[in-house]
Amino acid sequence: MSGWDSVIERNAASEPSAARLVRQLRACEAASLAFCRLLERWGRGDAVPATPGARQAALRRAADRVETAIAGLERPLSRYLLELEPERAEGRSWYAGPGPGELVEWRPVLDRAGVRACPNRVASVYLELALLVRALEGLSTAASMDAAPDRSSLWAGLFDLRDTLFDSTVEDLRALAA
């Protein structure tokens, strides 16, 4: 079965740059899923870890893990985009914006969990990470249906993801991890 990694590899100028990007995107995907699932469990009333202090620490660790993964993504993604740059800049991003399921009011969830964090930062990070995960899932689906984006669209989508992740998301993650 072909996934998003096969699309990255197929369009790479060099195997090493594709391997570095795939490895770091996998780390970002795993850390993003862990962060989002932690919050979603709290949203369902599953207060694990058992104490507010432990939940606070879990949020900090999850935010730190994502921030570290994203920091490690910057060089391989920038390199890949430089190598991938298409001959025409008419591509469209291949993923959509946030859906209604990702728009959550986190203040009551955080209050119930006993976690002190800025709900606006949590909401922003959750949206951006859910978007990253959904974009990779969409790319995998497109690849499995033999409908992967062309080079210019792949470039546009990865460029948009880079802008999203390295703009305010990293700053918000650092604040949550502090």
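Structure first, text after, so check above.
Starting from 1, residues in each chain are numbered consecutively following that chain's sequence as written. Totals for whole chains, interfaces and linings use every residue, but because this is a predicted model, local features are given only for residues with pLDDT of at least 70 and side-chain atom pairs only at 80 or more, for both listing and counting. As a convention, hydrogens and water are excluded, and side-chain values are obtained from all of the structure's heavy atoms.

A. Expanded view of the overall build of the protein. In this text, helices come from DSSP runs of H or I with a minimum length of four residues, and strands from runs of E with a minimum of two, each type numbered from the N-terminal end. Regarding its fold elements, the protein presents 6 helices and 0 strands. Projecting the C-alpha coordinates of the protein onto the three principal axes gives extents of approximately 50 × 30 × 30 Å. Scored against the burial criterion, the 178 residues of the protein give a buried share of 45%. Throughout, a contact is declared for two residues whenever any of their heavy atoms are within 4.5 Å. For the protein, contacts bridging at least 24 residues in sequence account for 85% of all contacts bridging at least 6. Only four residue types enter the charge count: Lys and Arg as positive, Asp and Glu as negative, with His and the chain ends excluded. To locate a charge, take NZ of a lysine, CZ of an arginine, CG of an aspartate or CD of a glutamate. Each charge class in the protein can be summarised by its mean position, and for the 23 positive and 25 negative side chains these summaries are 6 Å apart. We call a residue buried when its accessible area falls under 20% of the maximum for its residue type, exposed when it is over 50%, and partly exposed in between, using a 1.4 Å probe and counting protein chains only.

B. Geometry of unusual backbone geometry. The omega torsion of the bond from V48 to P49 falls at 0 degrees, within 30 degrees of zero and hence cis. Topologically, P49 is positioned in the loop between α2 (15-43) and α3 (52-84). A positive phi angle, near 60 degrees, is found at D146, a position not held by glycine. One can find D146 in the loop between α5 (119-144) and α6 (151-177).

C. Summary view of the environment of R26. Mapped onto the secondary structure, R26 falls in helix α2. The exposure class of R26 is partly exposed, given its relative accessible area of 42%. As for R26 and L136, which are separated by 110 residues in sequence, their C-alpha atoms are 9.6 Å apart. Discounting residues that sit within four places of it in the chain, R26 has contacts with W4 and D5.

D. A look at helix α1 (residues 4-11). For α1, the buried fraction is high: 6 of the 8 residues fall into the buried class. For α1, every residue scored as buried is listed here: W4, D5, S6, V7, I8 and N11. Looking at the buried residues of α1, the elements they touch are α2, α3, α5 and α6.

E. A look at the nonpolar core. With 52 residues, the main nonpolar core has I8, F35, L39, W42 and L158 as its most contacted residues. For this core, the secondary structure elements donating two or more residues are α1, α2, α3, α4 (107-113), α5 and α6. Non-local contacts of L39, meaning those with residues more than four positions away in its chain, are made with L59, W106, V109, L110, V122 and Y126. Nine residue types can take part in a nonpolar core, namely buried Ala, Val, Leu, Ile, Met, Phe, Trp, Tyr and Cys, and a core is a set of them joined through side-chain atoms within 4.5 Å.

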